[in-house]
Amino acid sequence: PPSAGPGDPYGMAPYSYVQQPQMEEKTILRRKFSWKHYPELERFLIANRDDYLEHSSKNYTAEQKQFNNWLTEQLLLVSERHGYVFDPDEFNFVSIRDRIRCYYKSYVQTARKRGMELPGKAHIKKHRPTNSLDKYAEEKDKKMR
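A short tour of the structure in this document, coming up. Everything numeric here is computed off the predicted structure, so don't read it as measured data.

Definitions and cut-offs
Residue numbers restart at each chain and count upward from 1, following the sequence in its written direction. Totals for whole chains, interfaces and linings use all residues, but because this is a predicted model, local features are given only for residues with pLDDT of at least 70 and pairs of side-chain atoms are given and counted only at 80 or more. Working from all heavy atoms in the structure, the side-chain values ignore hydrogens and water. Numbering goes from the N terminus for both helices and strands, where a helix is a DSSP run of H or I of at least four residues and a strand is a run of E of at least two. A contact between two residues is defined here by any heavy atoms of the two lying within 4.5 Å. Should a side-chain nitrogen of Lys or Arg be within 4 Å of a carboxyl oxygen of Asp or Glu, the pair is scored as a salt bridge. Burial classes: relative accessible area under 20% of the type maximum marks a residue as buried, over 50% as exposed, and values in between as partly exposed (1.4 Å probe, protein chains only). A helix is expected to span 1.5 Å for every residue after the first. By the criterion applied in these results, polar contacts are pairs of N or O atoms within 3.5 Å in which, for protein atoms, one can donate a hydrogen and the other can accept it, and in which residues neighboring in sequence qualify only through two side-chain atoms. Geometry is summarised by axes, namely lines fitted to C-alpha atoms with helices restricted to the contacting stretch, and by angles between N-to-C directions that run from 0 to 180 degrees. Between 65 and 115 degrees an angle is taken as roughly perpendicular, under 35 as roughly parallel, over 145 as roughly antiparallel, and anywhere else as oblique. Should the near helix be turned counterclockwise from the far one by less than a right angle, the crossing is left-handed, whereas a clockwise turn marks it as right-handed. For this scheme, ten residues count as nonpolar: Ala, Val, Leu, Ile, Met, Phe, Trp, Tyr, Cys and Pro. Four count as charged, namely Asp, Glu, Lys and Arg, and the remainder, Gly too, count as polar.

Considerations on the side chain of D87
Then, in step 1: Tracing the sequence through the fold places D87 in the loop between β2 (84-86) and α4 (93-113).
Then, in step 2: Beyond its immediate chain neighbours, meaning those up to four positions away, D87 contacts I28, L29 and R30.

Here you go:
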C-alpha cells in the first residue's frame, strides 16, 4: 500500500528496504574443517603444490620458511576474498601454516600409497626420505602398518 505521508510511521524509516546496509556474510572455518569443502582454498593449494613440494626439500632453510609464510599469507588473502575467516579462537598464523603443511603431507602419503610420482622427486628412491615432510610421512606410515 502507498505511504500515508510524513505522518506514516513506516514512511519515516531511516533506510528503505533497498537501502538497508547489509552485513557481510563470512563463513567461519573451525578447527576440524576439511579443505575439500572450500573449493577456492583447495584449488589454491593444488595450484601451489609443486612449489610447496620443491621448497619442502630444502630442509628448513630460510628460503623454505619464507615461502611457507608467503603461501600462508596468500591463502589468507584468498580466504578473505571468498568470505572465509579462520576462527580466531582456534587459529593463528602458525596453526594455519601447519594445516597447510598437513594438507600437503596427506597428499604425499596418498601419492606414495598409489605409487604416483611426486613432482620433482622422480629421481629419489622411495625408501630414502630426503626432507622433513618425507621423513614425517614415512614415520607415520610405519606406525599405521
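With respect to the environment of L71
Then, in step 1: Residue position: L71 is located in helix α3 (residues 62-81).
Then, in step 2: A sequence separation of 26 residues divides L71 from R97, and the C-alpha atoms of the two residues are 8.2 Å apart.
Then, in step 3: Other than its neighbours up to four places away in sequence, L71 contacts F44, N48, Y52, I100 and Y104.

Things to note about the pattern of salt bridges
Then, in step 1: Counted by the stated rule, this structure contains two salt bridges.
Then, in step 2: R30 is the partner of D87 in a salt bridge, and the nearest nitrogen-oxygen pair spans 2.7 Å. In this pair, D87 is assigned in the loop between β2 and α4 and R30 in the loop between β1 (27-29) and α1 (39-47), connecting sequence segments 57 residues apart.
Then, in step 3: Residue D87 is classed as buried on the basis of its relative accessible area of 6%.
Then, in step 4: Judged by its relative accessible area of 44%, R30 is partly exposed.
Then, in step 5: Note that K58 and E63 form a salt bridge whose closest N and O atoms lie 3.9 Å from each other.
Then, in step 6: K58 gets classed as partly exposed once you look at its relative accessible area, which sits at 24%.

Some details on α4
Then, in step 1: The end-to-end C-alpha separation of α4 is 31 Å, in line with the 30 Å expected for 21 residues at 1.5 Å each.
Then, in step 2: When we look at burial in α4, the residues that qualify are I96, R99, I100, Y103, Y104, K105, Y107, V108, Q109, A111 and R112.
Then, in step 3: Among the residues of α4, the N-terminal cap falls to N92, whose side-chain oxygen and the backbone nitrogen of V94 are separated by 3.0 Å.
Then, in step 4: Of the residues one or two after α4, G115 is the one with positive phi, at around 70 degrees.

A short note on the packing of α1 against α4
Then, in step 1: Following both chains from N to C, one finds α1 and α4 inclined at 65 degrees, their axes separated by 11 Å at the closest point. When the axis of α1 is compared with that of α4, the two are roughly perpendicular. Regarding α1 and α4, the two cross each other, and that crossing is right-handed. On α4, the residues that touch E42, L45 and I46 of α1 are I100, Y103 and Y104.
Then, in step 2: The residue makeup of the contact of α1 with α4, split by class, is five nonpolar, no polar and one charged.

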